[in-house]
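Commentary on secondary and tertiary structure
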Amino acid sequence: MSFLFGNRSSKTFKPKKNIPEGSHQYELLKHAEATLGSGNLRMAVMLPDGEDLNEWVAVNTVDFFNQINMLYGTITDFCTEESCPVMSAGPKYEYHWADGTNIKKPIKCSAPKYIDYLMTWVQDQLDDETLFPSKIGVPFPKNFMSVAKTILKRLFRVYAHIYHQHFDSVMQLQEEAHLNTSFKHFIFFVQEFNLIDRKELAPLQELIDKLTTKDR
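Scoring rules and cut-offs
- Residue indices begin from 1 for each chain and proceed along its sequence in written order.
- Reporting of local features is limited, given that this is a predicted model, to residues whose pLDDT is at least 70; pairs of side-chain atoms are given and counted only at 80 or more, and all residues count toward the totals for whole chains, interfaces and linings.
- Side-chain numbers here rest on the full set of heavy atoms in the structure, without hydrogens or water.
- The nonpolar core is taken to be a set of buried Ala, Val, Leu, Ile, Met, Phe, Trp, Tyr and Cys residues, with the residues joined through side-chain atoms within 4.5 Å.
- The cut-offs for exposure are 20% and 50% of the maximum accessible area for each residue type, with area from a 1.4 Å probe on protein chains only; residues under the lower value are buried, those over the upper are exposed, and the others partly exposed.
- The way it works is that DSSP assigns letters per residue, a run of H or I at least four long becomes a helix, a run of E at least two long becomes a strand, and they are numbered from the N terminus.
- Pairs of residues are marked as contacts when any of their non-hydrogen atoms sit within 4.5 Å.
- Multiplying one less than the number of residues by 1.5 Å gives the expected span of a helix.
- What counts as an axis is a line fitted to C-alpha atoms, over the stretch in contact for a helix, and the angles between N-to-C directions run from 0 to 180 degrees.
- Any angle that falls under 35 degrees is termed roughly parallel, while one over 145 is termed roughly antiparallel, one within 65 to 115 roughly perpendicular, and all others oblique.
- Helix crossings are classified by the rotation of the near helix relative to the far one: an anticlockwise turn of less than a right angle makes the crossing left-handed, while a clockwise turn makes it right-handed.
- Each C-beta atom gives one direction from the helix axis, and the arc is the one those directions make.

An unreviewed UniProt entry annotates the chain as MOB kinase activator 1B originating from Alosa alosa.

Laid out in structure tokens, this is it:
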């Protein structure tokens, strides 16, 4: 949650996506922040009693987008066309970009370009009222969960790139506690609702095992 970052001014990579104050989703976000504050991440990700799963996934997806936005925003100076000519997560994993609409055939591109495509695409989904309705009583579409899964699968790749290619910079900036807490929260959330296939998590499986075994 964004409160992890305190009030320090931090540039975000893309504009922050705000949940309208006074809305039910805003109340859910506040509930999530309060339970996160207790320090028990396993409890914090659980669906609150009587709440709609789609709405809970929507609120948390927006929040993870904002968190990753901030985290990547802190290291953009180190993630350049020269330093990262391909979007990778270690030597074994390379990602090519396609969104199925503007770019149908996967293209090989640098990490900053890939992450720009990715975050712009996510932002477009979050801003689409037919996919992420913010008004009370407007139903979520039938394909909502599959879109949310694709968003989370792609956001995971930004964490994977940061951990594999930029962890030294993260440590230099003393951001590793923020990164680890954010990623642990993300993993507990996707595990709780089975939102990302295990094979997609392979680039960080060792880290995931380390972060999650302590809390079993």
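1. Section: the nonpolar core
In this structure, Leu-155, Phe-156, Tyr-159, Phe-183, Phe-186 and Leu-204 are the most contacted members of the largest nonpolar core, which totals 66 residues. Of all elements in the fold, only α1 (24-37), α3 (53-75), α4 (111-127), α5 (144-172), α6 (176-192) and α7 (205-213) reach the threshold of two or more residues within this core. Excluding residues that lie within four positions of it along the chain, Phe-183 makes contacts with Phe-156, Tyr-159, Tyr-163, Leu-204, Leu-207, Ile-208 and Leu-211.

2. Here's the deal with α6
Given a rise of 1.5 Å per residue, 17 residues ought to cover 24 Å, and the 24 Å separating the end C-alpha atoms of α6 matches this to within 8%. Among the residues of α6, those classed as buried are His-178, Leu-179, Ser-182, Phe-183, Lys-184, His-185, Phe-186, Ile-187, Phe-188, Phe-189 and Val-190. Asn-194, located one to two residues past α6, shows a positive phi value of around 55 degrees.

3. Observations regarding the packing of α3 against α4
Viewed as axis vectors pointing N to C, α3 and α4 meet at an angle of 150 degrees, and their least axial separation amounts to 11 Å. Looking at the two axes, α3 sits roughly antiparallel to α4. Viewed along their axes, α3 and α4 form a crossing whose handedness is left-handed. On α4, the residues touching Thr-61, Val-62, Phe-65, Ile-68, Asn-69 and Tyr-72 of α3 are Pro-112, Ile-115, Met-119, Val-122, Gln-123 and Leu-126.

4. A closer look at the environment of Ala-44
For Ala-44, the position within the fold is in helix α2 (residues 41-44). Take Ala-44: its relative accessible area is 4%, and that puts it in the buried class. In sequence terms Ala-44 and Phe-188 are 144 residues apart; their C-alpha atoms lie 9.0 Å from each other.

5. A few points about α7
For α7, the full list of buried residues reads Gln-205, Leu-207, Ile-208, Leu-211 and Thr-212. Buried residues in α7, looked at end-on, bunch into an arc of 155 degrees, giving them a common side. Relative to its buried face, α7 has exposed residues pointing more than 90 degrees away, namely Glu-206 and Lys-210. Contact partners of the buried residues in α7: α2, α5 and α6.

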